[in-house]
Amino acid sequence: MTNQSRTLIQWLNDNVIKTYSDPVPKNASLPYATLSYGISAFGRSYLQQVIIWTRAEKDYSDAYSYVDKLQTALGHAGARVPGTDCILWIRKGDPFAQNNTNRDADVRSVMVNLDIVAYYR
């Protein structure tokens, strides 16, 4: 895992929800988020998908409560997040969030798109 991905995961852990890079540990319990991280060239934007998983039988409201929390953490201009050897500028992607189809009747998930630019020190 790169310092860039560690920085993103730590920021999500601290500000939104427990986040894992796939694969998820067997002992993990819902709610949590997952991502398969990307790496970008210096100053280049890339789309990072994050999936928020919650346990709910009827609707997506629990999952979207974490989307709301993420939206608040990003604000209007995005978040500048310093890491070990990088600085990430994390913004809302387009579309920002949408329902994610899953097979389990008691699990709801939402896919969130983040637009990230990495600057290296």
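That block above? That's the structure.
None of the values given here were measured: they were computed from a predicted structure.

1. Things to note about the sheet that holds strand β2 (residues 32-35)
Strand order in the open sheet made by the six strands is β1-β2-β3-β6-β5-β4, with mixed pairing throughout. Only two strands of the sheet have a single partner each, and these edge strands are β1 (19-21) and β4 (79-82). Mean inter-strand twist for the sheet, computed between neighbouring axes without regard to direction, equals 35 degrees. Across eleven bridges, the pairing between strand β3 (residues 45-55) and strand β6 (residues 107-120) is antiparallel. Bridge assignment links Ile 52 to a residue of β6, and that residue is Val 110. Set on the sheet, helix α1 (residues 3-15) makes contact with β1, β2, β3, β4, β5 (86-100) and β6; between it and β5 the angle comes to about 60 degrees.

2. Things to note about unusual backbone geometry
The amide bond that connects Asp 22 to the next residue, Pro 23, takes the cis arrangement and shows omega of 0 degrees. Structurally, Pro 23 is set in the loop between β1 and β2. The omega torsion across Asp 94 and Pro 95 is 0 degrees, close enough to zero to call that bond cis. Residue position: Pro 95 is located in strand β5.

About the criteria used
Residues numbered from 1 in each chain as written. Predicted model: local features only at pLDDT ≥ 70, side-chain atom pairs only at ≥ 80, totals over all residues. Heavy atoms only, no water. Pairing = 2+ DSSP bridges. Helix = DSSP H or I, 4+ residues; strand = E, 2+ residues; numbered from the N terminus. Axes fitted to C-alpha atoms, helices over the stretch in contact; angles between N-to-C directions. Contact = heavy atoms within 4.5 Å.

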